[in-house]
Structure formats: C-alpha cells, structure tokens
Amino acid sequence: MSDSAERQLTADVLVIGGGPAGAWAAWSAATNGAKVVLVDKGYLGSSGATAPGGTNLLYLPPDKEMREQAVASRMKQGGYLAEPAWIHRVLDQVYTNLELIEKWGYPFVRDENGTPMRDHLHGPEYMAIMRKVVKRAGVKVLDQSPALELLVDEFGVGGARGVSRQDDLTWEVRANAVVIATGGCAFLSNGLGCNVLTGDGYLMAGEVGVELSGMEFTRKYAPSPAFGSNTRSRLLGWATYYDSDGNEIVGGRQGDFLAEALLKGPVYAIMNKADTPEKQAFLRKSHAIFFLPYDRAGIDVFTEPFPLTLRYEGTVRGTGGIRIVDDDCSTTVGGLFAAGDAATRERITGSASGGGAFNASWAICSGTWAGKGAAAHALSHRQSAATRDLKPAGRYGLGGVASSFENVVPSQELIKEIQDQVLPLTINYFRTEQGLKQALHRLDNVWNRVNSQTPQNVREQVRARETAAMAATARWMYTAALSRKETRSGGLHGLAEYPGQDEEQQHRLLVSGLEEVSVRTEQVPVSGVAVTAVAATSEEVQAG
Amino acid sequence: MIELVSEERCISCNICVKVCPTNVFDKGEDGVPVIARQSDCQTCFICEVYCPADALYVSPYAEQTVEVNEQELADKGVLGSWRAIIGWGPGRTKIAAIDTTPFIDRILPPRTIRPQGVSEVLRGGS
Ligand SMILES: Cc1cc2nc3c(=O)[nH]c(=O)nc-3n(C[C@H](O)[C@H](O)[C@H](O)COP(=O)(O)OP(=O)(O)OC[C@H]3O[C@@H](n4cnc5c(N)ncnc54)[C@H](O)[C@@H]3O)c2cc1C
Ligand code: SF4
Ligand code: SF4
C-alpha cells in the first residue's frame, strides 16, 4: 500500500468488524468515554454470520444451581479445556445485555406467564438495532471498508489501514487501541453469511506476533441444501434422512452418519417428523430462513425429499482463534484486543463447538469486555496515536512483490488450492495423520506463493489479502491438529490413529508464526476468582 | 445467487449497494444498480430484506446462475416475499415479535438423531 492513505482519521479505539462482537465492542468503548471508529468489510447490520439468519443464545436466570449445572455440563462436553469462571461470567453478562437489547427495541416474545423469552435473536432485526445503538453512541462507522493491515510501533498496535472499496480509496485510522472482531474463517464455502469471513483478523494478529489458540478444534461442517447456502439447520431435527434409493439412513457410530453417508452418495431429507399443519406452521415461524431456499426451489420439505450437503465452517462454529490473555480480552501485544469468533472461544467452550448458543453469547460478552478494555487502554495512553511513529505491519498478500511477470499467480488459483485441502470431508472431517501431513505440505506450497499475487484494483487487493489470510489460517489449523494426537470430547478434533481422549493432553495448543509455524502447549488456567460482569450504566438502561 | 434488479420497481435508493456484504452491486448510471460481480454473491438474501421496493430476487441456487422471469416471480408473489416474512415494511409485524423458537422444545419429535461434529442439527450447544 502506498505511504500515505487518502482518508486519514484519528480515534481512541478502532474496531475492525461489524458483526455482533464488533458492534458491542464499539458501543462499549464509546459508552466508556472513547472516541470510536468501526470499519466493516461489508456493512454493519447485514454482514457476518449472524445477520442473515439469527442465533440462539444462553439465557439462564441467575439461579445458582441451574447455572452450576450448565457450567458442569459444558466443562465435560468441552473436554475440560474451558474455565468455569469464564462460563459464569458469560452467563452473567449475556443476561444483562439481552435485557438491554430489549430496551433498545427488540420485540422478544413472552410466554403464558408474561416472562420474556430472550434466548433467540433474528439476525436482521438484531443487527439493525445494533447499528442504530452504535451510531447513537457516537461511533463513526465506515462500511464497505475492509481493513488490510495493522499499524505498529515499539509500544504495540496503533491503528490499521485498509481500503474503501466503493470509493476506490485507501484509509488509515490511528487509534491507541484496536479491537479485532473480524469473525472466523469459513474459507469461502458458501455458508450463510460466511463468505466475508476469511480469517483476515487472524493474519493481522499473526503478523504482530500474537498467538492463536484452539485451531485444531475446527472439524466443523453444517448441513445445507446441496444447491443452496443456508447452513442454519437446527430444524433438521424434524427430518428423516434417506439415500438415493429411498432407504432410511439411521444415526450410527459416533454420530458421523451424515458425513459417512455423503461419502457414499447423495443424501436426502424429508421434514416428516413435523407431521401436523400446526407443527409445520410453528417451525416456519422459528427459523424462517430454513424454508426460504426450498420454497424458492419449489420443494415442499414436509413431503418431498431435498438434497443435502455439508459446508465447511472453519472457525465460525469451530472454536479456535486469537489467544486472549486477560479478562478484558486483551492479547499479548499492547493495545490489541480480540472479540467474537476472531478470538478463541476455548475459555467457555473448551474443545466443543460454541455454535447453538455459546458463540453468539460470547460475541456479546467478549465485545463488551474488549470495548471497555480498549477504551481504558486508549484513554490511559499519554500520546495521541496521530503523533506515534507507526508503521504498517502487513507482509503477506498485499501485492506488488512478484519477482517476475511469469511468477504472477491469480488469487482464484490459490483459493482453489486452499479449498482443495480444507473443504473435503475426507481430509478435514475424517482426519488422519497422513492426510493432514500431506494437506499441510500442499498448503505450505500455497503459502510460498501468496506474495506472487499482483492485484490490479481494490477488489483484487481485498481478495489477495483474504487469500493470504485463508492460507495462514489453514496452516495453523492443520499444524495444531497434527500436534493433538488424540480425539477429544466435543467432536471438533480427532485423528483416526488416536481414537481416545488422552489425559496427558488436557492442555491448550498455541500456534504462531507465518514463515515457520510453531506450536506450544499451555495449561488451562485455574482461575478461582469469580470475575464479575460489567454492569450497564444506569443511564444506558433507562435510555431505551 | 442474485439474479434480478427490477428496473420497473427499483426506486434508485442504492440501499442494496450499501448493504450487500460482498459488494456485488455497482450504482447504475440510470439510477438502477447493476449486478457487477454476481460470482461474489453469497446467497444471503439480506439485500431483499432491505429493498423497500421489492425489486430484487435472489435465487436459491448458490453455485449456479439461472434464468429468471420477472413477470412470473411477480405473479407468484415471490418478489418481496422474504422482506414480508421478516416483517419489514409499513404495517407489518416483525417475525421477531411472533417468534416461536423459544417454545420449540414443545414440539420436539420423540426420537431425534444428533450427529456430532455437524452443526445445529437440533440443539448445537445448549
Ligand atoms: C448459519 C449460522 C447459524 C448460527 N447459529 C448460531 C446459534 O444459534 N447460536 C450461537 O451461539 N452461534 C451461532 N452461530 C455462530 C454466530 O453466528 C457467530 O458466533 C457470531 O456471528 C460471531 O459474531 P462476530 O461478530 O464475531 O462475527 P460475524 O458476525 O461473523 O461478523 C464479522 C464481521 O467482520 C467483518 N470483517 C471480516 N473481515 C474484515 C476486515 N478485514 N475488515 C473489516 N471487517 C471485516 C465482516 O464483514 C463481518 O461483518 C451461527 C453461525 C452461522 C453461520
Ligand atoms: S434497494 Fe431496491 S429500490 Fe433501492 S436501489 Fe436497490 S433494488 Fe433499487
Ligand atoms: S444475496 Fe447477499 S451477497 Fe447476494 S447480492 Fe444480496 S446481499 Fe449481496
């Protein structure tokens, strides 16, 4: 990128990403007194994994016994890699914040006793409210403005640079604290809302020396129409599955039956367990997005078979991400914070998936904490970021360094090569040591060419950087996966050669490095101290 | 994939250009946005939710383009149908306000199969 950006801004806190985590971070930083800029690759309100569909959330009343039970069950499911204090903290904070969402105008339904049911959010409604709230808090929002690289000096991170893709110009935001909330990495697998999620934040963090944690817990696919994108598939609980001869496929060993069946041939489903018009109408008013593709394709899902596939979800409903080291979601680099799917969710999910309620709750809580932490960090800084001697930290996929014309590689070619190693069930679902080694070797080969992309315009610039980010993410994933020689509870990682859970490996795996990837282990912190949730200021509670 | 911007219906507000997460549209010279990068479309349907004129059609086919007939889509009530279901637009009830999801356990089928390592077939995490 050229030396001076065409659009220059200075703030206290820069939030990169405008999904729920970024929105909450921006709101939280602003309500804690910081001047905030939020940039999103797409648009705050419509972009990311939550916006087009929606999410179920953790909403447990503050009943001690109930919560202890929930925590204990999650600890077991997550292979004892989570931390009870952090799960409790999320249960507390999300409860408070869901009340706020209602005050801000979300029309939660009530049960017969008038109790509000705050455990599900429709994406478009939720994120439209978040946009309003964030703007009302005074945050400057730059849509269609993907961040490409961080700015750093000897004291840590001090902002970022990127492009405004609709005005064809470069921007630079200087800020003494940065929250990475760029979501996960789903490798352009066409899952609902997920093609903006290419691991950009992981690469940015990796380039300033931050480690990633839990990247082996990425064996996650979601059912979707074979022809479509909708990976919101909870309603398949009302389906029966069939092979192409119409024989019922029954849940088999270790629950791998869908993946196993898909290796043999096409799989179909019929929603015939919703067997009355009342049940059918009921389901249509829950996850409406589930029906949309089938309705449009002219398929009556309650009576006719529809073809399914599995789409890879990487770290979106996998669990790994940027390692956070403190209660405020700070990282090991000064001024850098991470929230949502960009951060590891191991502290609350361990080795299990956070999809289904934990991840969406985490996005809310980690955003709130990171925003507050970032504001405190920035406001305690002595020097304005405008006068710091900051340098861009990006090294990969930023174009312009192909050594000769013949070496130029189109991004599309590299993306295909990455997807060939990451998407197939045979490599990434049915993981074996040999399979992953071979895939990693091929990914190293892709990595060696990420700097041979020569983007010619803004769109290609963004793609080239996304390509580098996906290549880096894939290498971290498989390096970590090869280092965990066991199959841990939760189903998010296993190696055929090591079918059981190994007590000796009840630790976390941290990966780092870009040229050479290295791995080290970290003991799960035993934090006895219960950490309290950030209380909403009384003013905010009344504002609604 | 996005297949249609109806010139007849479009009121040139450019909302779709602004909100599309993958930047598929360009502003059009005549005011009607053009589908400039169709292959970048992620089939998320959100542009339809935001379009105030029911002028867009996203086909359910994520990985192939298909021919569409605007008249037919209009006659069948498909144009604007997703926005109507979400309940956006004057005089409509938001789907959030009549959400049945919190009560979904009341109609659970007796026997459910629940694959591991596969998301959200029944209760993912909770
Ligand atoms: C279909 C589906 C259903 C789900 N259902 C549930 C559920 O029921 N319960 C649950 O707990 N979880 C669920 N999840 C997971 C949940 O959606 C995510 O955990 C949540 O959206 C994470 O929020 P986030 O803000 O971290 O990321 P996202 O919502 O993905 O947002 C990330 C944002 O970052 C932006 N961005 C990316 N790169 C850049 C860049 N370089 N510069 C600027 N901006 C960038 C993107 O445009 C996007 O707006 C589901 C996920 C999917 C895909
Ligand atoms: S949102 Fe609808 S009305 Fe507005 S410009 Fe796009 S197509 Fe036209
Ligand atoms: S469906 Fe989604 S990605 Fe496609 S044009 Fe509409 S908003 Fe953009």
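Residues numbered from 1 in each chain as written. Chains lettered and ligands numbered in written order. Predicted model: local features only at pLDDT ≥ 70, side-chain atom pairs only at ≥ 80, totals over all residues. Heavy atoms only, no water.

**Quick look at the domain arrangement of chain A**
Residue and element names in this part refer to chain A.
Thinking step 1. Assigned domains within chain A: domain 1 (7-217 + 315-392) and domain 2 (222-312).
Thinking step 2. A separation of 31 Å is found between the C-alpha centroids of domain 1 and domain 2.
Thinking step 3. Each partner contributes residues to the interface: domain 1 has 14 residues there, and domain 2 has 11 residues.
Thinking step 4. Summing the contributions of domain 1 and of domain 2, the shared interface buries around 990 Å²; its carbon and sulfur component is 45%.
Thinking step 5. A per-residue breakdown of the area domain 1 buries against domain 2 is headed by S189, L192 and R317, which together make up 40% of the total.
Thinking step 6. For the pair domain 1 and domain 2, the number of links is zero salt bridges.
Thinking step 7. Here domain 1 and domain 2 share nine residue pairs in polar contact (both at pLDDT 80 or more) between them.
Thinking step 8. Elements with a minimum of two residues in the side of domain 1 that touches domain 2: strand 3 (54-56) and strand 4 (120-122). (Domains from an automatic or database assignment. Contact = heavy atoms within 4.5 Å. Buried area = accessible area lost by both parts, 1.4 Å probe. Salt bridge = Lys/Arg side-chain N within 4 Å of Asp/Glu carboxyl O. Polar contact = N/O pair within 3.5 Å; in protein donor to acceptor, adjacent residues only side chain to side chain. Helix = DSSP H or I, 4+ residues; strand = E, 2+ residues; numbered from the N terminus.)

**Overview of the pattern of salt bridges**
Thinking step 1. In total, this model carries 38 salt bridges over all chains according to the counting rule given.
Thinking step 2. Between E207 of chain A and R465 of chain A there is a salt bridge; the shortest N-O distance is 2.6 Å. Highlighted residues: E207 of chain A in helix 5 (residues 200-207) and R465 of chain A in helix 14 (residues 458-483), separated in sequence by 258 residues.
Thinking step 3. Residue classification places E207 of chain A among the buried residues on the basis of a relative accessible area of 14%.
Thinking step 4. Under the relative-accessibility criterion, R465 of chain A is labelled buried at 3%.
Thinking step 5. Of the charged contacts, one joins D389 of chain A and K391 of chain A as a salt bridge, the two residues approaching to 3.1 Å between their closest N and O atoms.
Thinking step 6. What emerges from the salt-bridge pattern is a single network uniting K41, D200, R459, R463 and E466 of chain A together with D40 of chain B. (Buried < 20%, exposed > 50% of the residue type's maximum accessible area, 1.4 Å probe, protein only.)

**Here we look at the environment of F103 of chain B**
Thinking step 1. Checked against the element boundaries, F103 of chain B lands in the segment after helix 4 (81-86).
Thinking step 2. Accessibility expressed as a relative area gives 12% for F103 of chain B, which makes it buried.
Thinking step 3. Apart from the residues lying within four places of it in its own chain, the contact partners of F103 of chain B are V109, R110, D111, M117 and F282 of chain A.

**What to know about the environment of Q280 of chain A**
Residue and element names in this part refer to chain A.
Thinking step 1. Structurally, Q280 is set in helix 7 (residues 277-284).
Thinking step 2. A relative accessible area of 22% means that Q280 is categorised as partly exposed.
Thinking step 3. Sequence separation of Q280 and W238 is 42 residues, and the distance between their C-alpha atoms is 9.9 Å.
Thinking step 4. Discounting residues that sit within four places of it in the chain, Q280 has contacts with A274, D275 and F302.

**Regarding the site of ligand 3**
Thinking step 1. Around ligand 3, the structure places 13 residues, and the nearest of them are C20, C41, C44, F45 and C47 of chain B.
Thinking step 2. For the shell around ligand 3, the per-class residue count stands at 10 nonpolar, three polar and no charged. (Near = heavy atom within 4 Å. Nonpolar A, V, L, I, M, F, W, Y, C, P; charged D, E, K, R; others polar.)

**Observations regarding the environment of M271 of chain A**
Residues and elements named next belong to chain A.
Thinking step 1. Positionally, M271 belongs in the loop between strand 13 (267-270) and helix 7.
Thinking step 2. For M271, a relative accessible area of 0% corresponds to the buried category.
Thinking step 3. Sequence separation between M271 and P499 is 228 residues, and the spatial gap between their C-alpha atoms is 33 Å.
Thinking step 4. Non-local contacts of M271, meaning those with residues more than four positions away in its chain, are made with L235, L236, W238, A239, L283, F290, V301, F302 and F306.

**Thoughts on the site of ligand 2**
Thinking step 1. Near ligand 2 you find 14 residues, and of these C10, C13, N14, C16 and C51 of chain B are the closest.
Thinking step 2. Partitioned by chemical class, the residues of the shell around ligand 2 number 12 nonpolar, two polar and no charged.

**Quick notes on the confidence of the model for chain A**
Thinking step 1. Averaged over all residues, the pLDDT of chain A is 94; the fraction at 70 or higher stands at 94%.
Thinking step 2. Counting interchain partners and residues more than four positions distant, the pLDDT-below-50 stretch residues 528-544 of chain A has 20 contacts. (pLDDT = per-residue confidence, 0-100.)

**Some thoughts on the nonpolar core**
In globular proteins that are soluble, nonpolar side chains generally tend to be buried together.
Thinking step 1. Core analysis: the largest hydrophobic core is formed by 195 residues, its most contacted members being V13, L150, M271, F306 and L336 of chain A.
Thinking step 2. Each of two domains, domain 1 (7-217 + 315-392) and domain 2 (222-312) of chain A, supplies a minimum of three residues to this core. (Core = buried A, V, L, I, M, F, W, Y, C linked by side-chain atoms within 4.5 Å.)

**Here we look at helix 3 (residues 84-103) of chain A**
Residues and elements named next belong to chain A.
Thinking step 1. Along its 20 residues, helix 3 runs 29 Å from first to last C-alpha, staying within 8% of the 28 Å computed at 1.5 Å per residue.
Thinking step 2. Of all 20 residues in helix 3, 14 are buried; the element is thus mostly enclosed.
Thinking step 3. Just downstream of helix 3, G105 is the residue with a positive phi angle, here 120 degrees. (Expected span 1.5 Å × (residues − 1).)

**Section: the sheet that holds strand 9 (residues 212-213) of chain A**
Either a parallel or an antiparallel arrangement is found when strands of a sheet pair, and the pairing is made through backbone hydrogen bonds.
Residue and element names in this part refer to chain A.
Thinking step 1. A sheet is described by the order of its strands in space; here four strands give the open sequence 15-9-18-19, paired in antiparallel fashion. Edge positions in the sheet fall to strand 15 (321-322) and strand 19 (518-522), since each of these pairs with one other strand and no more.
Thinking step 2. Across two bridges, the pairing between strand 9 and strand 18 (residues 508-512) is antiparallel. The partner of S213 across the bridge, within strand 18, is L510.
Thinking step 3. The sheet contacts of helix 14 involve strand 9, strand 18 and strand 19, and relative to strand 18 the element is tilted by about 140 degrees. (Pairing = 2+ DSSP bridges. Axes fitted to C-alpha atoms, helices over the stretch in contact; angles between N-to-C directions.)

**Focus: the packing of aromatic side chains**
Thinking step 1. Counting across every chain of the model gives 23 aromatic pairs over all chains.
Thinking step 2. With 4.9 Å between their ring centres and 55 degrees between their planes, Y221 of chain A and Y312 of chain A make a pair best called tilted. A residue pair is termed long-range when its members are at least 10 positions apart, and Y221 of chain A in strand 10 (residues 221-225) and Y312 of chain A in strand 14 (residues 306-312) qualify at 91 residues.
Thinking step 3. Exposure remark for Y221 of chain A: the relative accessible area of 1% places this residue in the buried category.
Thinking step 4. Between F290 of chain A and Y294 of chain A the ring centres are 5.6 Å apart and the planes differ by 55 degrees, which places this aromatic pair in the tilted class. Taken together, the residues span about one helical turn, with F290 of chain A and Y294 of chain A both in helix 8 (residues 288-296) at a distance of four residues. With respect to burial, F290 of chain A and Y294 of chain A carry one shared label: buried.
Thinking step 5. The rings of F227, F290, F291, Y294, F302 and F306 of chain A together with Y61 of chain B are connected pair by pair, giving a single aromatic cluster.
Thinking step 6. Over the ring of W86 of chain A we find R89 of chain A, and its NZ or CZ is 4.5 Å from the ring centre.
Thinking step 7. Across from the ring centre of W369 of chain A, 3.6 Å away, lies the NZ or CZ of R89 of chain A, which sits over that ring. (Phe/Tyr/Trp six-rings, centres within 6.5 Å; stacked < 30°, edge-to-face > 60°. Lys NZ or Arg CZ within 6 Å of the ring centre and 35° of its normal.)

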